[in-house]
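Observations on the model geometry
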Amino acid sequence: MRSLSAVLSRRWDRAPPRRSGRTQGSAAAPQSWILDPSGDWYYWWLSAMVLPIMYNWIVIICRSCFSDIQEQHVVLWLSLDCLSDALYLLDIAVHLHTGFLEEGILVQDRAQIRRRYLRSASFPWDVASVLPTDLLYLHLGLAVPAVRANRCLRAPRLFEAFDRRETRTAHPYAFRIAKLMLYVFVTIHWNSCLYFALSTHLGLGADDWVYPNASRPGFARPLRQYLHSFYISTLILTTVGDTPEPQREEEFLFMTAGFLLAVLGFATIMGSMSSVIANMNAADAAFYPDHGPVQQYLQAHGVGGRLARRVAGWHQHLRAHRKLVGERAVLRHLPSRLRAEVAASVHLPALRKVSLFQSCERGVLEALVLKLRPQVFSPGEFVCRTGDVGREMYFIREGRLAVVAADGVTRLAILGEGLYFGEISLINIRGNRSGNRRTANIQSIGYSDLFCLSKEDLTEVLAEFPSARALMEAKGREILLRMEKLDVHAEAAAAAAAEEAEHRVQVLEVALEELQTRVARLLAQLESSAFKLALRIGRLESRAQQQRLARGRAPARDQGPTRLQGPDGGWGPDGGQEPTGALGPTGVQGPIGAQSPTRMQGPTGIRGPTGVQGSQKGAGSHGDTGSHWCTGSHWYTRPHQGPGSHRCAGHKTQRPPALKVKGPVRLSGVRQR
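Residues numbered from 1 in each chain as written. Predicted model: local features only at pLDDT ≥ 70, side-chain atom pairs only at ≥ 80, totals over all residues. Heavy atoms only, no water.

Further remarks concern the overall build of the protein. Across its full length, the protein holds 22 helices and twelve strands. Counting only residues that meet the buried cut, the protein has 38% of its 673 residues in that class. Excluding contacts between residues fewer than 6 apart, the proportion of contacts in the protein whose partners are at least 24 apart in sequence is 67%. Summed over its atoms, the accessible surface of the protein is roughly 38800 Å², and 58% of this surface lies on carbon and sulfur atoms. (Helix = DSSP H or I, 4+ residues; strand = E, 2+ residues; numbered from the N terminus. Buried < 20%, exposed > 50% of the residue type's maximum accessible area, 1.4 Å probe, protein only. Contact = heavy atoms within 4.5 Å. Areas by Shrake-Rupley, 256 points an atom, 1.4 Å probe, with all protein chains shown as cover.)

Put into structure tokens, the structure is as follows:
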């Protein structure tokens, strides 16, 4: 079969073109009639082809198993067979006149269409389905309609018609339910026909499992035969039970095959019908937009006609050619590196065709493929218009677009695969008179697949790759110069203004650094002054407190002799008591936190003056360098030095009352000399 298609393809390709019979100077002949695969005529033809295909799938098996049905309506069946064969042949002719899309444009060349169809995988099956097997009637007779079993090979055409109908119907879920029920009916129908054929082979009425004998009243009618067989097949395939018990090996095998079919296929379909209906084509819904809500929206607002057909055609084009518009949502669960590799493997060949990225490193391309968003434009749709605010730039992956003049008809240029446009509105080129506005009208000629890159994403990518940014700015300047929309003087003025602004910024930075240094110095001086002021306030507070205490206390009282404790623990030299003198002045307190020596004790336990409080240094004075010391019988005072020194009102500089002690006296907490 494949060799036949190759021979026919070579023969038709070599056939010379027909001559129109007109003179050489006459106008060209009108183009031949070609069907658009997304058009209405092709859709309705597919809908019409459902009838002969379903006829052969349902009637041939029924006529082969129920002989009475075949014999009673021979003329009708032969007429329907001829009509079905004619539609099959006409369908092949329709294939030869159905265009296909190449670069988004409908190809209408009959030679290319024939070549494509003859080399396709569906051509051998189409030829096999119209082979004249009816000639076997001459040898086998009209009672064997099974010779037409090859007509069932057109089932792929039936599935194509169902898919097209599902994309156009306003109630896709109802259609899916009907399609599922049709499959169930055909399955039970075939099983019922095989049941009756097996019953006829084993003998009608031979046991309780087979169909009853036709001699019983009412069981001879063909309708009763079919309904009884259909009922038994329904019980078997639904595994409901209440089926006759098989008696023979053939019956057991048939029941086993029916149960397996029910368990593996029929029961699965029926048991999960609700989930199948709800989740049917869930995988496609994840890739392709659902056209149902859009059609319901258009119907709710009374929008129809040409716009509704354009929307339906756009959805049909996406599904028919497996084009995705939501790649980011599909790949969002992958790791960033793996997502970049997957996107690069899919879109990198298309990006390398873009002249702007041919010299770019792989890192730029990998960064871009993660930012690109595929978009599909239908024929006649404007991608952008002059004056629109530019928020995206586009890369042509497949298809052709036209640069249209202001009248919307005249084509100034044709953009093909690998080109790009819209970068002028996204790149801030100095001297651009149009600003961020579009400078041209871009219209899609056929179905065009574009990559869209937003302004935010482009800025992010170009910030990481300055060389690519410089290249795009240079290309943009060339385009603006050709279009006479680049103000050279304004560009120079903008550059000078930018340099001046940069110089001013540098001057301000220097002034700001100097100002920060001065502020730091002032803060240091302020902290030093505050510290000195705090010290002076502390000293003044100490002096004032000392004066208040000196005025509030009574003069020191002399006390009697004190007991001297010898080294052996007794009182006096021999353990007795002897007078020692008097205690010094008591109750005199110096500055806060400072205390003079309060007890002087020699090696024999002689106590010195008690209760005398001095400076913070613990030296008996309130100045910085003043101190008191004792030689055992006399007190000596070193004069205070420094402007902050003062005399203690409670401790005179002259020596205190003499103490009669033996040996040196040790003073705790004071300096000794």
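Having seen the model, we can carry on.
Turning our eyes to something else, we now look at the pairing of strand S7 (residues 411-415). Where strand S6 (residues 401-404) and S7 come together, four bridges link them in antiparallel fashion. From the neighbouring strand, Leu 401 faces S7, where its bridge partner is Leu 415. Here S6 folds back onto S7, and the loop between the two strands holds six residues, one of which, Gly 408, carries a positive phi near 80°. (Pairing = 2+ DSSP bridges.)

To continue, consider the sheet that holds strand S9 (residues 441-444). The four strands lie next to each other as S4-S9-S6-S7, forming an open sheet whose pairing is antiparallel. Here the strands that pair on one side only, and so sit at the sheet edges, are strand S4 (382-384) and S7. Each adjacent strand pair in this sheet contributes to an overall mean axis angle of 30°, direction not counted. (Axes fitted to C-alpha atoms, helices over the stretch in contact; angles between N-to-C directions.)

The complete set of buried residues in helix H20 (residues 455-464) reads Asp 457, Leu 458, Val 461 and Leu 462. The buried residues of H20 occupy an angular sector of 125° when projected down its axis, which confines them to one face. Exposed residues lying more than 90 degrees from the buried face of H20 are Glu 456, Ala 463 and Glu 464. (Arc of directions from axis to C-beta.)

This next bit is on the environment of Tyr 117. Looking at where Tyr 117 falls in the secondary structure, it is placed in helix H5 (residues 110-118). As for Tyr 117 and Leu 96, which are separated by 21 residues in sequence, their C-alpha atoms are 6.7 Å apart. In this structure, Tyr 117 is in contact with Ile 92, His 95, Leu 96, Ser 122, Phe 123 and Asp 126, ignoring residues within four places of it in sequence. Here Asp 126 takes part through its side chain, which lies 2.7 Å from a polar atom of the side chain of Tyr 117. (Polar contact = N/O pair within 3.5 Å; in protein donor to acceptor, adjacent residues only side chain to side chain.)

Our focus in this paragraph is the sheet that holds strand S8 (residues 420-421). Reading across from one edge, S3-S10-S5-S8 is the order of the four strands in this open sheet, with antiparallel pairing throughout. Two strands bound the open sheet, and with one partner strand each, they are strand S3 (373-377) and S8. Sheet topology note: the strand S5 (residues 392-398)/strand S10 (residues 448-454) ladder contains six bridges and is antiparallel. The partner of Tyr 394 across the bridge, within S10, is Cys 452. Strands S5 and S10 of the sheet are contacted by H20, whose axis makes an angle of about 65° with S10.

Nothing here speaks to function; it is geometry throughout.
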